[in-house]
Amino acid sequence: MYDFTKVVDRSHTNSVKWQGTDNELPLSIADMEFAVAPEIVKAMHTKLTTPYFGYEYVPLAFFQAISEWYQTQHQTQISTAWMLFCNGVVPALSSMIRRLSQPGDQVVVQTPVYDIFFHSIENNGRHVVESPLSYDPQQACYSIDWADLEAKLAQPLSKIMLLCNPHNPIGRVWSRVELQNIIQLCQQYHVWLISDEIHGDLVLGQPAYTPVAALPPALLTNVAACVSPSKTFNLAALHSACVIVPDPDLRATISRGFNNDELAEPNLLAVPATIAAYQQGQTWLQELLQVLTANRQQVTAWLNQLPVNLQLASANATYLLWFDVSSMTANAQELATFIKQQTGLILNAGNVYRGNGAHFLRLNSACPPAMLKQALSRFQTGLINFVPSKNH
């Protein structure tokens, strides 16, 4: 029903991703090169037909649409009473960090992880405590270092853990058992758990995404989960998110923080577009997942004929592909800079995600197949011609 093949010129559109030169091909920032579902656009147009753009509140229908989506898509019952509106997941993270901890406290993260986590922690005067994920280079996969995670959570100044589920950039969904173990450790050491679940709908096959809200009530007393249509439906500029907080006391504390930080009021289009996405976007998402799966297959075929040693270390979630370049360099930033200079292809250097990220590059595969083919051609040219500096 939908066209995922059309390549559109997004330069000169105020796109952060496409603000470079004409020769550049940016497959870095995590938004998609696919048109938003027309059902969502129609809902926006309908809203604009009434030219009164005053202050708005968030109606119950907004939260009901999210609750029904999680019931049908993820077989998880989430009460609308648990939900708070926020104008973005990252603003929500920063607000909760300020509200649930004090300057100088520690926030635990599992690295390599989404780099904006570090900004939200450090810009608010808290300290990052890394619990590096264990990496198996033979299998090109990650797992949790449980002993290290417990040691970091047990430190007296550790007050919050930021979880990424599914995990960006490694594309890993955490199992129900893993989530239970994480929450139990957080409860044992009196640590708040904030789970960023913005990529939860973007899972290709099994294992499936398990929302933390799907766990037994006894495990949810210290938990807040952030969800949004922004990644699923390519609505990053909509600034619409929902924070799910089952415990009423914790929810009241977080709500006070959102209101103090002026994050609880929707913009003009946030409500109708979000409702349309969750009520009418299922078919569009199903087709998107088929395209993303085919793009992964294109990447796999490309890797099989590549004349240099490159491994795909991504699991089955997100459209962000995580390439192990350790056979070529110990500094992915140097390689990313070279590829950009030589070919115009822009990738994320893994250094910014900390942990062992300096050995990885991240590529956004959410684009038409023709664009991906061109990107892989440029990528290959850069890899073949790269010569690491003597310092690395």
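Conventions used here
Residues numbered from 1 in each chain as written. Predicted model: local features only at pLDDT ≥ 70, side-chain atom pairs only at ≥ 80, totals over all residues. Heavy atoms only, no water. Helix = DSSP H or I, 4+ residues; strand = E, 2+ residues; numbered from the N terminus. Rg over C-alpha atoms; globule rule 2.2 N^0.38 Å. Buried < 20%, exposed > 50% of the residue type's maximum accessible area, 1.4 Å probe, protein only. Contact = heavy atoms within 4.5 Å. Pairing = 2+ DSSP bridges. Axes fitted to C-alpha atoms, helices over the stretch in contact; angles between N-to-C directions. Parallel < 35°, antiparallel > 145°, perpendicular 65-115°, else oblique. Left-handed = near helix turned anticlockwise from the far one by under 90°. Nonpolar A, V, L, I, M, F, W, Y, C, P; charged D, E, K, R; others polar. Core = buried A, V, L, I, M, F, W, Y, C linked by side-chain atoms within 4.5 Å. Phe/Tyr/Trp six-rings, centres within 6.5 Å; stacked < 30°, edge-to-face > 60°. Lys NZ or Arg CZ within 6 Å of the ring centre and 35° of its normal.

Within the chain, the secondary structure is distributed over eleven helices and 15 strands. A compact globule built from 392 residues would reach a C-alpha radius of gyration of about 21 Å, and the chain, at 21 Å, matches this within 12%. Overall size of the chain, expressed as C-alpha extent along the three principal axes, is 55 × 55 × 35 Å. Scored against the burial criterion, the 392 residues of the chain give a buried share of 57%. Considering only contacts within the chain whose residues lie at least 6 apart along the sequence, 75% involve residues at least 24 apart.

So, about the sheet that holds strand β14 (residues 348–349). On the basis of which strands lie adjacent, the open sheet formed by four strands has the order β11-β12-β15-β14 and antiparallel pairing. Bordering the open sheet on either side are β11 (311–312) and β14, each of which pairs with just one other strand. As defined by bridge partners, β11 adjoins strand β12 (residues 320–324) across two bridges and the pair is classed as antiparallel. Note that in β12 the partner of Gln311 across the bridge is Asp324. The strands that helix α9 (residues 282–305) touches are β11 and β12; relative to β12, the one it contacts most, it runs at about 15°.

Interaxial distance between helix α2 (residues 60–74) and helix α8 (residues 270–280) falls to 9 Å at its minimum, and their mutual angle equals 25°. As far as their axial angle goes, α8 and α2 are roughly parallel. Relative to α8, the crossing made by α2 is left-handed. Contact residues: α2 offers Ala61, Phe62, Ala65, Ile66 and Trp69, while α8 offers Ala270, Val271, Thr274, Ile275, Ala277, Tyr278 and Gln279. Partitioned by chemical class, the residues of the contact of α2 with α8 number ten nonpolar, two polar and no charged.

The next point concerns the nonpolar core. Core analysis: the biggest nonpolar cluster contains 78 residues, and Ile40, Met161, Phe233, Leu288 and Leu292 have the highest contact counts within it. Among the elements that make up this core, the one with the highest residue count is α8 (seven residues). Apart from the residues within four sequence positions on either side, Met161 is in contact with Val108, Gln110, Leu149, Leu153, Ile182, Cys186, Val191, Trp192, Leu193 and Ile194. By size, the runner-up hydrophobic cluster in this structure holds 30 residues, among which are Trp18, Leu335, Ile339 and Leu347.

In this section: the pairing of strand β2 (residues 83–86). With burial as the criterion, each face of β2 is covered, one bearing Met83 and Phe85 and the other bearing Leu84 and Cys86. Judged from the four bridges that link them, β2 and strand β10 (residues 241–244) form a sheet pairing that is antiparallel. Looking at β10, one finds that Cys86 is bridged to Ala241.

With mixed pairing, the seven strands of this open sheet are ordered in space as β2-β10-β9-β8-β7-β3-β4. Looking along the sheet, the strands with just one partner apiece sit at the ends: β2 and β4 (127–130). Taken pair by pair, the neighbouring strands of this sheet meet at an average axis angle of 25°, ignoring direction. The sheet contact formed by strand β9 (residues 223–227) and β10 spans three bridges and is antiparallel. Note that in β10 the partner of Ala225 across the bridge is Ile244. Across the sheet, helix α6 (residues 176–188) lies against β7 (158–164), β8 (192–196) and β9, angled at about 165° from β7, the strand it touches most. On top of the sheet, helix α7 (residues 248–260) reaches β2, β8, β9 and β10; it is set at about 15° to β2, its chief contact.

Now for the packing of aromatic side chains. Centre-to-centre distance and the angle between the planes together describe a pair of aromatic rings. Counting across every chain of the model gives 18 aromatic pairs. Taking 6.0 Å as the distance between ring centres and 85° as the angle between the ring planes, the aromatic pair formed by Phe233 and Tyr278 counts as edge-to-face. Here Tyr278 lies in helix α8 and Phe233 lies in the loop between β9 and β10, a separation of 45 residues in the sequence. Each member of the pair Phe233 and Tyr278 is classed as buried. Ring geometry for Trp322 against Phe360: centres 4.8 Å apart, planes inclined by 0°, an arrangement best described as stacked. Here Trp322 is found in strand β12, whereas its partner Phe360 is found in strand β15 (residues 360–364), with 38 residues between them in sequence. The exposure class assigned to Trp322 is buried, which follows from its relative accessible area of 0%. Joined through ring pairs, the aromatic side chains of Phe4, Phe34, Trp69, Phe233, Tyr278 and Trp284 make up one cluster. Its end group placed over the ring of Phe118, Arg354 keeps NZ or CZ at 3.9 Å from the ring centre.

Asn168 connects to Pro169 through a cis peptide bond whose omega is 20°. With respect to the element layout, Pro169 can be found in the loop between β7 and α6. Along the chain, Gln206 connects to Pro207 via a cis peptide bond; the corresponding omega equals 0°. Structurally, Pro207 can be placed in the loop between β8 and β9.

Quick look at the side chain of Ser230 now. Mapped onto the fold, Ser230 is located in the loop between β9 and β10. Residue classification places Ser230 among the buried positions, given a relative accessible area of 11%. Those residues within four positions of Ser230 in sequence are excluded, and the remaining contacts are Ile198, Leu235 and Ala236.

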